[in-house]
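Descriptive analysis of the structure
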Amino acid sequence: MIANAPLLETERLILRGHERADFEAIFAMGQDAERTQYKGGPIHSRSAAWEKFLRGPALWMLLGYGMWIVERRSDGAVLGQVGYADFMRDMDPPLPDIPEMAWVLGREAAASDGRGLGYGSEALAAILSWGDTHIAADRYQCIISKDNIASIRLAQKFGFQEIRRTLYKESETIVLERLCAPASRAPTSAG
């Protein structure tokens, strides 16, 4: 297994493992009602936020894949998190035993009018390239609130297609799926 997220770099981003110093930025994002409206709302408890933050590095140690911190190369700002997980979500029916992709970006990743600046696309392209090489899976899934149009469009841009709708935390949620590149369908060494 991998002890921490491998370093991935793009033109504008550094995708890296979690550091203790990242917690305050991630905690602030978790309190932003606008940015968390599709994820069940703000997390006001530092304890609950800390437990959620610890998932990022723990996933790598247990599964060999996990979450990355998204850092803007130009100024070091923490923009959010992206990656692969198994969150063991309480859903009916549950997600299958395959990697779930997840992403969340804060206000720092958007223009002043709220429009995205392409950081999500850049980060997803990098981690999908990594995943298609290092994760032995034939497909990935993600869940997105039916009202989160920007996130749905981002998923569709990378080949995710709706396969069903369900309730998650009492909200209508879309389950999307993406077939992996053929290289990832056979076990490979992670790293």
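For the structure itself, consult the block above.
Described in the following lines is the structure provided in the data block. Keep in mind it's a predicted model, so treat the numbers as computed, not measured.

This part is about the pattern of salt bridges. Taken as a whole and assessed by the stated rule, the structure comprises 15 salt bridges. Between Arg72 and Glu108 there is a salt bridge; the shortest N-O distance is 2.8 Å. Of this pair, Arg72 sits in strand S3 (residues 67-72) while Glu108 sits in the loop between strand S5 (100-105) and helix H4 (119-134), and the two are 36 residues apart along the sequence. According to the relative accessible area criterion, Glu108 is partly exposed, its value standing at 44%. One salt bridge in this structure joins Glu100 and Arg89, with 2.7 Å as the shortest N-O distance.

With respect to the helices, strands and loops of the structure, Gly106 is situated in the loop between S5 and H4. Residues Gly106 and Met29, 77 residues apart in the sequence, show an inter-C-alpha distance of 5.6 Å.

Another aspect to go through is the packing of aromatic side chains. Tallied over the entire structure, the rule returns 12 aromatic pairs. Their ring planes at 20° and their centres at 5.6 Å tell us that Phe23 and Phe27 sit as a pair that is stacked. Highlighted residues: Phe23 and Phe27, both in helix H1 (residues 23-31), separated by four residues, approximately one helical turn. Exposure class is identical for Phe23 and Phe27. Each is buried. Judged by centre distance (5.5 Å) and plane angle (75°), the ring pair of Phe23 and Phe53 falls under edge-to-face. One end of the pair, Phe23, is in helix H1; the other, Phe53, is in helix H3 (residues 46-63), with 30 residues separating them in the sequence. Taking relative accessible area as the criterion, Phe23 reaches 3% and is therefore assigned buried.

Along the polypeptide, Thr166 turns up in strand S7 (residues 161-168). Here the side chain of Thr166 touches Asp92 through a polar contact of 3.1 Å, landing on its backbone oxygen.

Every buried residue belonging to helix H5 (residues 149-157) is among Ser151, Ile152, Leu154 and Ala155, and all of these are buried. Buried residues along H5 cover an arc of 160° about the axis, so they all sit on one side. Relative to its buried face, H5 has exposed residues pointing more than 90 degrees away, namely Ala150, Arg153 and Lys157. As for H5, its buried residues are in contact with S5, H4, strand S6 (139-145) and strand S8 (171-179). Positive backbone phi, approximately 90°, marks Gly159, located one or two places after H5.

Here the focus is the nonpolar core. Membership of the largest hydrophobic core comes to 36 residues, with the highest contact counts inside it found for Leu15, Trp68 and Tyr84. Looking at this core, the elements with two or more residues in it are strand S2 (13-16), S3, strand S4 (78-85), S5, H4, S6, H5 and S8. Considering each element in turn, this core owes the most residues, seven residues, to H4. In this structure, Phe23, Phe53, Ile69 and Val78 belong to the second largest nonpolar core, which totals eight residues.

To continue, consider the pairing of S7. In terms of strand pairing, S7 meets S8 through seven bridges, oriented antiparallel. Across the sheet, residue Thr166 finds its bridge partner in S8, namely Thr173.

Okay, a nonpolar patch on the surface next. A contiguous nonpolar patch, built from Met61, Leu62 and Leu63 and spanning about 300 Å² of accessible area, is present on the exposed surface. With respect to the helices and strands, Leu62 occurs in helix H3.

What counts as what
Sequence order as written defines the numbering, with residues in each chain counted from 1. Selection of residues for local features in this predicted model requires a pLDDT of at least 70, selection of side-chain atom pairs for listing and counting requires 80 or more, and totals for whole chains, interfaces and linings are taken over all residues. Values shown for side chains rest on all heavy atoms present in the structure; no hydrogens or waters enter the calculation. Here, a salt bridge means any side-chain nitrogen of Lys or Arg that lies within 4 Å of a carboxyl oxygen of Asp or Glu. Each helix is a run of DSSP H or I of at least 4 residues and each strand a run of E of at least 2, with the numbering of both proceeding from the N terminus. Only protein chains enter the accessibility calculation, which uses a 1.4 Å probe. A residue is then buried if its area is under 20% of the maximum for its type, exposed if over 50%, and partly exposed in between. By convention, a stacked pair of Phe, Tyr or Trp rings (six-membered ring in the case of Trp) has centres within 6.5 Å and planes under 30 degrees apart, an edge-to-face pair has planes over 60 apart, and any other such pair is tilted. Pairing of N or O atoms within 3.5 Å defines a polar contact, subject to two protein rules: one partner must be a possible hydrogen donor and the other a possible acceptor, and residues neighboring in sequence count only if both atoms are side-chain atoms. Here the arc refers to the set of directions running from the helix axis out to each C-beta atom. Contacts between residues were defined by any pair of non-hydrogen atoms, one from each residue, lying within 4.5 Å. Residues grouped as a nonpolar core are buried Ala, Val, Leu, Ile, Met, Phe, Trp, Tyr and Cys residues, joined through side-chain atoms within 4.5 Å. Strands were regarded as paired on the criterion that DSSP finds at least two bridges between them. Any residue with relative accessible area above 30% and no salt bridge may belong to a patch, with like charges joined within 9 Å and the nonpolar Val, Leu, Ile, Met, Phe, Trp and Tyr side chains within 5 Å. Using the Shrake-Rupley algorithm and a 1.4 Å probe, accessible areas are obtained, with residue cover drawn only from the displayed protein chains.

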